[in-house]
Amino acid sequence: MKGPYWDYIKIFSVIYWQSQGFCAKRLKDLGVTCGQFMYILCICDNPGVSQEKVAELTCIDKSTVAKAVQQLLKGGFITRQVSCEDRRVNELYPTEKATSIYPEIVQIVNDFHEEQLRGLTDIERDLFMRLLQKIFEHVKPKP
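A brief structural summary. The model shown is predicted, which means the values in this text are computed figures rather than measured ones. (Residues numbered from 1 in each chain as written. Predicted model: local features only at pLDDT ≥ 70, side-chain atom pairs only at ≥ 80, totals over all residues. Heavy atoms only, no water.)

## Quick look at helix α5 (residues 96-117)
Part 1 of the argument: Its 22 residues place the ends of α5 32 Å apart at the C-alpha level, agreeing with the 32 Å of an ideal helix rising 1.5 Å per residue.
Part 2 of the argument: The largest bend in α5 comes to about 40°, at Y102, with the proline P103 one to four residues further on.
Part 3 of the argument: Residues of α5 that are buried: A98, I101, I105, I108, F112 and L117.
Part 4 of the argument: Downstream of α5 by a residue or two, G119 has a phi angle that is positive, lying close to 95°. (Helix = DSSP H or I, 4+ residues; strand = E, 2+ residues; numbered from the N terminus. Expected span 1.5 Å × (residues − 1). Bend = angle between axes of the 7 residues up to and from the residue. Buried < 20%, exposed > 50% of the residue type's maximum accessible area, 1.4 Å probe, protein only.)

Rendered as structure tokens:
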């Protein structure tokens, strides 16, 4: 196949799979999967966040977030408490286990970012990120 559509899909697909492989190798020693690390980051950055807000912040559907939350609860990475303000809302908090690996997860993400953008000037990096953000705004799920 040829053409700009194919190039676009191929490029994003390769970037996605490379990111998964890069992160999986490094996260394994922390006891975290590629499917879990961004939830840990989100909950550590927003202690007391609701499951619904996690879905919104990560742009992941609620059922997928619910499954990930169950895995993180089971793995001892987060706890869940009923909100004092609204008994129907569960607040998610990182455990010591999550907060202790948080800096390492951030470093892994930063290392991947640096590896992928190596060779670009600061201006090219800025432009690239702004263009990606612009595309993201068009394609992200609407709440």
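## Some words on the side chain of E91
Part 1 of the argument: Relative to the assigned elements, E91 resides in strand β3 (residues 90-94).
Part 2 of the argument: You can call E91 buried: its relative accessible area is 17%.
Part 3 of the argument: Setting aside residues no more than four positions away along its own chain, E91 makes contact with G48, V49, T79, R80, Q81 and S83. (Contact = heavy atoms within 4.5 Å.)

## Here we look at the sheet that holds β3
Part 1 of the argument: The sheet built from 3 strands is open, its strands ordered β1-β3-β2 with antiparallel pairing. Taken across any chain shown, the strands that pair with only one partner, and hence form the sheet edges, are β1 (49-50) and β2 (78-82).
Part 2 of the argument: In the sheet, β1 pairs with β3 via 2 bridges, with the strands oriented antiparallel. By the bridge assignment for β3, S50 is matched with E91.
Part 3 of the argument: Against the sheet, helix α4 (residues 62-74) engages β2 and β3, with an angle of about 110° to β2. (Pairing = 2+ DSSP bridges. Axes fitted to C-alpha atoms, helices over the stretch in contact; angles between N-to-C directions.)

## Looking at the packing of aromatic side chains
Any pair of aromatic rings gets described here by the distance separating the centres and the angle formed by the planes.
Part 1 of the argument: Applying the stated criterion across every chain, the model contains 3 aromatic pairs.
Part 2 of the argument: Pairing Y16 with W17 gives two aromatic rings, centres 5.1 Å apart and planes at 75°, and the pair type is edge-to-face.
Part 3 of the argument: Lying across the ring of F22, R26 places its NZ or CZ 3.7 Å from the centre.
Part 4 of the argument: The residue whose ring lies beneath K97 is F77, and the NZ or CZ to ring-centre distance is 4.5 Å. (Phe/Tyr/Trp six-rings, centres within 6.5 Å; stacked < 30°, edge-to-face > 60°. Lys NZ or Arg CZ within 6 Å of the ring centre and 35° of its normal.)

Coordinates in, geometry out; function isn't part of it.
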